[in-house]
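Letter by letter, the chains look like this.
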Amino acid sequence: MATLALASINDLPNEILEFIFSLVPPYQDLDRCCVVCKRWESLANNVRIRKKASLQKALTDFNLCWKEELFSSQTPSIAARFAHASSLHRNSMFVFGGASSFDTTFNDLWRFDLSLRRWVRPISMGSYPSPKAGASLVCYQNALVLFGGWRHSYTPFQMCTLFDELHQYNVAENRWTIHNLAFGPPPMTGHSATVHRNKMVVFGGYQKTQENLGTSNDIWVLDLDKMAWKRPTVSEQKPPPRYGQFQMAIGEDHILVLGGTGGVNRIFNDAWLLDMKNDVWRWRAVQIKNKKCTVHNWSYPACNIGSKVIVLGPTSPNDFQIVRQHRPSNHHGLHPPNLGRGPRPVNPAERNRIAAAAANNEPNIPPRQNPVRPPPPPPMASPPRQQPPPEPRPGPSGLSAPNPPPAQPQPGPSRPLPTIRSPNYRQQDDDHLLPKRFNQSPEQHGHMAMAAFSVPPTNPPPLHATRERQLERLRKMEEKISAMRRIKEQEQRDLEQAQAAANNLPAATSHHEAQLPVTPKRIKRNGLAIYVCDISQLLTNANEPVIEWQETKNSGLIAGAPDHFTFSTMVAGNGELIVFGGLNKNPKSESSSVTNAVHFLTVPTEVV
């Protein structure tokens, strides 16, 4: 009597078994496959290599997809935050600290299990770091190294606190250790750090020294075995001081620095290469090809996958520039210093006093558009209530700047004064984290104004001209909307024909049949766009390093992209990128929102 032999999974050919492994999460589950036998270990390693190569090819072909992880209410959930620090350690992503939208900072540590796709809160021991955001977190062997950061001020009218704390977290022992060193860098935030052999190299940042408070282009090196700081000898040619830049290790002896900001209206789109092979470290400016596809990344996440650097940013490099249309002011054109709340009404007594002063002291001179000192209020029965100075708002990377001193009257003949905004002064509450490219002066005369050309016009246009311009704008807007509608209808028809051809079906002939095909998921226009830079030719010519930005497709947008959040983090997993957190400023509602969403950027899965 013949017996029926039972087939096992080992009877499958290598191609089928490798395809099955590719559907397994490429973390702990794939590690368990490696310990079964040598055949499974070889196939699992092939899957890892293939996933990395597929992601690099997908970045070149722009064949990517976004996936958002949805969590159950039964599992622990991390609080929403921005400007946090994150790092990948084996099969987990660690997140420390960050800030909320209520001027608070955290000092909690969370671990995101990439195999189970869930958050875990380690109850660690030892010396906890201070609550802070804007710190750097790197992984070295079985430990995480945390340095620097800032914290919101607990006292009104004070600046944020900068830190020079150095902590080490042992993952196996679940313990924090603080290292109080006599020699080291000053308190800083917005710096960048990478690990090279047994050293952590820190560059730039917003620093607080005994002399001043500002940006830096210094380099500090931490020996991770001895836990000691030192300053290397660097060539005279250096990048401009900056913070918020992206830094990546090119092998063991080179560092690439991209972008950053040097302060208000100083957004860098350059690239620098640091050679650390000799005793004297040398900086070299990197030539950038296809620079029109460059995007600023000082407040947006970036990471590297092999020979590619991925930056998430706005759909247009100029999206961060803020333009405000000015409303007509009162006929006297008198405005006190404006804080984004519109012109202040002038009472009759004050208007008469100003008109008399102008008639006696300033003949044939038009009234000042922006007086140095606002006129005092009219007499009142009781003393006027003094208003406290406005609370400083956090600037780039969450830093708050002190209020500028009051202007003093200048002698000599009066003349119209230009509106000059201090780079350390944040006038708007709705976009204080963004660089101010445009003038925030009082809204007047119905014109657009830039900070560099902020002299108010002396001859305001007539009302009928303003009305004609408004009608012309409405007409152009209607034409643009009609053109976009026609393009969308044409794309819908092309999609229906392509789907019909793919399914070997005739194209739809009636309106009812035209509605049958399912349209793809709509792409959010306010989502984060993907920008890719090729750095494979960076070290081919040591004297003239070169990188090249790739052309984007569909403005870099992909269906399911995260919303337009800044100060989020992105780390590179096994064949995928993980994006977490961020801050979204709404200039219309003057509000901000912080998220705790986790998004994955990966290659679409093909099922055979």
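For the structure, check the block above.
Here goes a summary of the coordinates provided. Predicted model only: the values in this text are computed from it and were never measured.

A closer look at the packing of aromatic side chains
Piece 1. Inspection of every chain in the model, using the stated rule, returns 16 aromatic pairs.
Piece 2. Seen from their ring centres, Phe71 and Phe112 are 6.0 Å apart, and the 90° between their planes marks the pair as edge-to-face. On the criterion of sequence distance, the pair formed by Phe71 in the loop between β1 (65-69) and β2 (85-89) and Phe112 in strand β4 (residues 105-113) is long-range, its members being 41 residues apart.
Piece 3. Relative to Phe600, the ring of Phe112 has its centre 6.3 Å away and its plane inclined at 40°; by these criteria the two rings are tilted. Remark: Phe600 occurs in strand β34 (residues 591-602) and Phe112 occurs in strand β4; sequence separation between them is 488 residues.
Piece 4. For Phe112, a relative accessible area of 0% corresponds to the buried category.
Piece 5. With relative accessibility at 3%, the residue Phe600 sits in the buried group.

Some remarks on the pairing of strand β14 (residues 192-196)
Along any regular strand the residues' side chains alternate between the sheet's two faces.
Piece 1. Most of β14 sits out of view: 4 of its 5 residues are buried.
Piece 2. Bridge count between β14 and strand β15 (residues 199-203): 5 bridges; the pairing is antiparallel. Considered in β15, the bridge of Ala193 is made with Val202.
Piece 3. In sequence, β14 turns back onto β15 through a hairpin of 2 residues, with Arg197 there showing a positive phi of about 55°.

Details of the side chain of Ser235
Piece 1. Tracing the chain through its elements places Ser235 in the loop between β20 (233-234) and β21 (246-250).
Piece 2. At a separation of 3.4 Å, a polar atom in the side chain of Ser235 contacts the main-chain carbonyl oxygen of Gln237.
Piece 3. There is a polar contact of 3.3 Å between the side chain of Ser235 and the backbone nitrogen of Trp283.

A word on the sheet that holds strand β13 (residues 188-189)
Paired through backbone hydrogen bonds, the strands of a sheet run either parallel or antiparallel to each other.
Piece 1. The strand order across the open sheet formed by 3 strands is β13-β16-β17, and the pairing between neighbours is antiparallel. The outermost strands of the open sheet, each flanked by one partner alone, are β13 and β17 (213-215).

So, the nonpolar core
Piece 1. Core analysis: the biggest nonpolar cluster contains 22 residues, and Leu256, Val309, Ile535 and Ile547 have the highest contact counts within it.
Piece 2. In contact with Ile547, not counting residues within four places along its chain, are Leu258, Ala271, Val286, Gln287, Ile288, Lys289, Cys533, Asp534, Ile535 and Leu538.

Overview of helix α1 (residues 14-22)
Piece 1. Looking at α1, one finds that the buried residues are Leu17, Glu18 and Phe21. End-on, the buried residues of α1 take up no more than an arc of 100°, which puts them together on one face.
Piece 2. Elements in contact with the buried residues of α1: α2 (28-34) and α3 (38-61).

What about α3?
Piece 1. With 24 residues, α3 extends 34 Å from end C-alpha to end C-alpha; this agrees with the ideal 34 Å at 1.5 Å per step.
Piece 2. For α3, the complete set of buried residues consists of Trp40, Leu43, Ala44, Val47, Leu55, Ala58 and Leu59.
Piece 3. As for α3, its buried residues are in contact with α1, α2, β28 (302-305), β29 (308-313) and β30 (529-534).
Piece 4. Note on α3: the residue one or two positions beyond its end, Phe62, has a positive phi of about 60°.

Conventions we followed
- Residues numbered from 1 in each chain as written.
- Predicted model: local features only at pLDDT ≥ 70, side-chain atom pairs only at ≥ 80, totals over all residues.
- Heavy atoms only, no water.
- Phe/Tyr/Trp six-rings, centres within 6.5 Å; stacked < 30°, edge-to-face > 60°.
- Helix = DSSP H or I, 4+ residues; strand = E, 2+ residues; numbered from the N terminus.
- Buried < 20%, exposed > 50% of the residue type's maximum accessible area, 1.4 Å probe, protein only.
- Pairing = 2+ DSSP bridges.
- Polar contact = N/O pair within 3.5 Å; in protein donor to acceptor, adjacent residues only side chain to side chain.
- Core = buried A, V, L, I, M, F, W, Y, C linked by side-chain atoms within 4.5 Å.
- Contact = heavy atoms within 4.5 Å.
- Arc of directions from axis to C-beta.
- Expected span 1.5 Å × (residues − 1).

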